Amino acid sequence: MSRKTRDRDPGMGCKITRRDFLNGVAVGAGMGLLGARGALADLATHPEAMTSALQSEKGADASAQEYFLSKGVNQKDANYYPPGLTDMMRGSHPGSFEAAHLLRDHRFWKSAGAPQDTHETYDLVVVGGGISGLAAGYFFRQFAGQDARILILDNHDDFGGHAKRNEFHANGRLLLGYGGTQSIEAPGTYSPQAIGLLRDLGIDVSRFYRYFDRNLYSSLGLKPSVFFDKESFGTDRLLVGAAVQFSDDTEPLPGSRIHEMPIAPAAQQDLLRLIRESINYLPGLTPEQLRTRLIKTSYKGFLLQDAKVHPDVVKVYQKAPHDLYCVGIDAVSALSCRYMGFPGFKGIPMEERRREEKEEPYIFHFPDGNASIARMLVRSLIPGSIPGRTMEDIVTARVSYPRLDRSDSRVRLRLNSPVVRARHRGDPQTAKTVDVTYLQNGKLYTVQGGYCVMACYNCMAPYLCPEMPTWQKEALAYAVKEPLVYTNVQIRNWTAFQKLGTDNVYCPGSYFSNVDLDFPVSLGSYRFPSSPSESCVLHLLRTPCMPGLPCKEQYRAGRMELYTTPFSTFEHNIRAQLGAILGPGGFDPVRDIVAITVNRWPHGYAYEYNPLFEPLGRPASERPCVIGRKPFGRITIANSDSAGRAYTNAAIDQAYRAIQETMAMHAKSESGNSPVSSAIASSLPRV
Ligand SMILES: Cc1cc2nc3c(=O)[nH]c(=O)nc-3n(C[C@H](O)[C@H](O)[C@H](O)COP(=O)(O)OP(=O)(O)OC[C@H]3O[C@@H](n4cnc5c(N)ncnc54)[C@H](O)[C@@H]3O)c2cc1C
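Definitions and cut-offs
Residues numbered from 1 in each chain as written. Predicted model: local features only at pLDDT ≥ 70, side-chain atom pairs only at ≥ 80, totals over all residues. Heavy atoms only, no water. Core = buried A, V, L, I, M, F, W, Y, C linked by side-chain atoms within 4.5 Å. Buried < 20%, exposed > 50% of the residue type's maximum accessible area, 1.4 Å probe, protein only. Helix = DSSP H or I, 4+ residues; strand = E, 2+ residues; numbered from the N terminus. Contact = heavy atoms within 4.5 Å. Salt bridge = Lys/Arg side-chain N within 4 Å of Asp/Glu carboxyl O. Near = heavy atom within 4 Å. Polar contact = N/O pair within 3.5 Å; in protein donor to acceptor, adjacent residues only side chain to side chain. Phe/Tyr/Trp six-rings, centres within 6.5 Å; stacked < 30°, edge-to-face > 60°. Lys NZ or Arg CZ within 6 Å of the ring centre and 35° of its normal. Pairing = 2+ DSSP bridges. Axes fitted to C-alpha atoms, helices over the stretch in contact; angles between N-to-C directions. Disulfide = S-S within 2.5 Å. Arc of directions from axis to C-beta.

Core analysis: the largest hydrophobic core is formed by 130 residues, its most contacted members being Phe-159, Ile-184, Phe-302 and Tyr-317. The element that contributes the greatest number of residues to this core is helix H6 (residues 131–144), accounting for eight residues. Ignoring anything within four residues of it in the chain, the contact list for Phe-159 reads Gly-129, Leu-134, Lys-164, Ala-374, Arg-375, Val-378, Val-399, Tyr-401, Leu-404, Leu-413 and Leu-415. Judged by nonpolar contacts, the second largest core, of 34 residues, contains Phe-227, Val-489, Val-515 and Phe-567.

As structure tokens, this is what we get:
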């Protein structure tokens with residue numbers, strides 16, 4: 001494809017035709033004959049129709065909540081079904097973050113008005129319905145008993161936090177994608193509480209050895225590849241079998257492939273040298289000095305200053321750590337890159353790191369990612385909300401959203417409800433309850449909780465609890481979450497991948513750094529589209545960052561980019577990039593792209609204390625996340641941010657710790673009872 005064609009219009013103008021073709025009768029006739037309400041009834045039975053209805057009403061940057069509300073549909077309505085929304089911005093969607101930003105800018109309360117007291121009382125109010133918040137509810141109920149009354153509030157239109165489910169449909173067949181939290185990574189390293197929780201929910205991770213088809217792509221001869229784009233490298237070129245990392249399951253990069261790379265000949269020679277030759281680029285250093293040097297030098301610095309490679313080598317590797325670090329090799333230490341299998345370290349005498357995760361393959365994946373864990377938590381917490389009882393049947397089970405927040409339920413989950421304040425009634429040290437105020441449909445409401453767990457982003461807590469001590473607020477505000485975008489693209493079939501011989505593409509110069517076929521997982525009644533002739537969901541990664549700046553600055557700049565990039569920009573880039581990569585395999589973005597869901601996460605991974613920018617040798621107890629997560633009155637703090645680790649087990653472990661602290665607090669409190677409810681008084685252990 002010529003540059004001109006790509007720039008001009010890779011199918012953007014074909015939206016309507018495409019959707020008419022797909023949904024034509026259901027949507028066109030439905031909207032016309034039945035009117036909005038009738039059409040929404042139609043949407044319940046044909047979730048794929050939601051796409052076009054929503055598009056025509058509000059555009060792709062609309063908030064789903066706005067759309068639902070404009071139709072008189074809310075979480076209590078049977079037609080409310082966020083996982084089925086496509087062709088729009090998901091993840092941190094419009095409507096979910098504005099109140100938080102007003103709070104941050106100290107503008108919220110100027111025009112907010114007085115909250116209305118709902119007179120609802122709970123033993124525990126949880127702020128944040130991600131895995132940590134849901135797990136906090138779970139652990140609290142475990143300790144406090146089935147009668148405990150719990151309210152979980154979340155600002156998004158769907159629960160799960162980052163663990164979000166995206167649904168697609170192909171001729172009546174359900175296709176799933178993960179909008180965030182991808183897999184259960186290295187479950188063998190999970191704490192007893194975290195793995196115990198998964199087991200209690202019914203998840204037996206060993207079954208993934210059967211459910212994940214590890215041979216599918218290799219049996220079709222598909223290999224990893226690198227795509228060099230014309231804008232960055234002067235020509236569009238897909239090099240199959242040219243993986244730039246060297247983990248156990250990738251083949252060494254053949255020299256012939258390196259010579260085909262559209263980079264300077266000197267860079268090709270340098271790359272060959274890095275890969276093949278055992279050269280100690282840091283001679284004369286003791287092992288300890290070597291370690292420190294590699295921790296405090298970026299991989300880019302190491303390549304240019306120590307290995308003295310041509311700058312084109314840096315161009316090839318720049319985005320290689322994006323999926324893990326959300327920044328490129330300019331902001332990731334050489335040591336970390338060594339552990340990831342990047343070349344140049346063969347001749348440097350260092351001990352191998354003990355890598356527990358190496359012992360387990362990366363196969364513990366539900367088709368909707370860890371959204372299945374969130375869904376199983378909700379199923380356990382709120383009986384009747386999701387049918388079934390196994391890890392297999394959760395995959396295709398449909399959530400009844402109206403059942404999540406019913407007055408007859410001991411546990412309630414309220415969506416579209418950003419919390420704007422959590423304030424003790426009286427002195428935090430002696431208060432018996434916390435008033436939690438949230439915004440819903442433009443109005444403020446207050447509920448009362450015996451205890452409160454902040455399972456939201458840690459950086460939000462100081463705005464919600466302004467009376468916290470300054471040292472704690474500063475510690476909580478220290479971390480900057482790492483922004484990234486998971487985009488799911490449903491395509492008509494994946495024959496182009498088969499023809500080209502690749503299943504995952506690293507794109508060092510392109511808008512999306514990675515384009516992958518999905519993990520081939522089938523369980524329960526869900527079948528992965530294993531034949532290339534079937535429609536499937538592609539996974540595209542973009543990590544906005546600003547190379548050259550310190551990593552926190554890069555995260556802030558990336559966040560700003562994500563909040564200001566409209567859906568149409570993503571769509572344009574998806575079409576252009578897929579056309580350029582897959583076009584030679586017969587892929588036509590106009591014909592072959594069926595649906596797009598952009599899951600943007602301006603507040604993505606928990607900040608992981610990048611050693612390149614953090615002090616060396618700081619004791620764990622002095623890390624800001626440890627200081628910040630201390631209980632404040634009756635408020636405890638969960639979320640993976642509290643661990644400084646962006647992992648599901650961290651989210652669960654932090655929930656467990658927060659509930660342990662709650663229990664200890666309760667047992668120590670003078671009366672041992674909350675005036676809100678007696679449920680927990682009778683069941684919590686006393687210390
Ligand atoms: C794209 C992506 C991929 C990932 N992949 C993996 C993976 O493969 N494996 C893995 O282990 N981990 C992965 N992670 C890390 C993931 O974040 C954790 O695994 C875990 O899901 C975090 O859960 P959490 O509950 O701590 O936080 P979150 O999931 O962020 O949940 C917190 C919730 O609180 C809400 N909230 C914030 N402020 C408020 C407020 N004021 N009022 C109400 N609600 C509020 C948030 O919007 C959110 O819904 C991934 C993360 C991202 C972003």
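Our next topic: the pattern of salt bridges. This structure, assessed with the given rule, holds 27 salt bridges. With its nearest N and O atoms 2.9 Å apart, the salt bridge here joins Arg-165 to Glu-167. The residues Arg-165 and Glu-167 share a single accessibility class, namely buried. Notably, a salt bridge pairs Arg-575 with Glu-571, separated by 3.0 Å at the nearest N-O pair. Within this pair, Arg-575 and its partner Glu-571 are both found in helix H23 (residues 567–582), separated by four residues, close to a single helical turn. Given a relative accessible area of 0%, Glu-571 falls into the buried group.

A few words now on the site of the ligand. Around the ligand sit 35 residues, and of these Asp-154, Asn-155, His-162, Ser-640 and Thr-648 come closest. A distance of 3.1 Å is found between an oxygen atom of the ligand and a side-chain nitrogen or oxygen belonging to Thr-181. Between the ligand and Thr-648, the relevant distance is 2.7 Å, taken from an oxygen atom to a main-chain nitrogen or oxygen of the residue. Counting only elements with at least two residues in the shell around the ligand, the list comes to H6, strand E12 (482–491), strand E16 (593–605) and helix H26 (648–668).

Here we take up the packing of aromatic side chains. Aromatic rings considered in pairs are described by the distance between their centres and by the relative angle of their planes. Taken as a whole and assessed by the stated rule, the structure comprises 31 aromatic pairs. Here Tyr-281 and Phe-302 contribute two aromatic rings whose centre-to-centre distance is 6.0 Å and whose plane-to-plane angle is 85°, an arrangement assigned as edge-to-face. On the criterion of sequence distance, the pair formed by Tyr-281 in the loop between helix H12 (265–276) and helix H13 (287–295) and Phe-302 in helix H14 (residues 299–306) is long-range, its members being 21 residues apart. A relative accessible area of 12% places Tyr-281 in the buried class. An angle of 20° between the planes, with centres 6.0 Å apart, marks the rings of Tyr-478 and Tyr-609 as stacked. Of this pair, Tyr-478 sits in the loop between helix H20 (470–477) and E12 while Tyr-609 sits in the loop between E16 and helix H25 (624–628), and the two are 131 residues apart along the sequence. An aromatic cluster of three or more residues is present, and its members are Tyr-281, Tyr-299, Phe-302, Tyr-317, Phe-342 and Phe-345. The positively charged end of Arg-634 is found above the aromatic ring belonging to Tyr-451, 4.3 Å away from the centroid.

Read across the sheet, eight strands follow the order E1-E16-E12-E15-E14-E13-E6-E7 without closing on themselves; strand pairing throughout is mixed. Of all strands in the sheet, those bounded by a partner on one side alone are strand E1 (88–91) and strand E7 (237–240). On average, each strand axis in the sheet is tilted by 25° relative to the strand beside it, whichever way the strands run. Of the pairings in the sheet, the one linking strand E6 (residues 223–228) to strand E13 (residues 502–506) comprises four bridges and is parallel in character. Residue pairing in the sheet places Val-226 in a bridge with Tyr-506 of E13. The strands touched by H23 within the sheet are E1, E6, E7, E12, E13, strand E14 (514–517), strand E15 (536–542) and E16, with E16 carrying the most contacts at an inclination of about 120°.

Following the criterion strictly, the structure yields zero disulfides and no others. Sulfur of Cys-545: no disulfide; nearest cysteine sulfur belongs to Cys-326 and is 8.2 Å away. Taking relative accessible area as the criterion, Cys-545 reaches 15% and is therefore assigned buried.

A few words now on H20. Within H20, the full set of buried residues consists of Gln-472, Ala-475 and Leu-476. Along the axis of H20, the buried positions cluster into a sector of 95°, meaning they face one direction only. For H20, the exposed residues lying more than 90 degrees away from the buried face are Thr-470 and Glu-474. Contact partners of the buried residues in H20: helix H19 (461–464), H25 and strand E17 (635–637).

Once that is clear, we can look at the environment of Ala-100. Relative to the helices and strands, Ala-100 is located in helix H5 (residues 98–104). Sequence separation between Ala-100 and Leu-464 is 364 residues; the distance between their C-alpha atoms is 9.1 Å.

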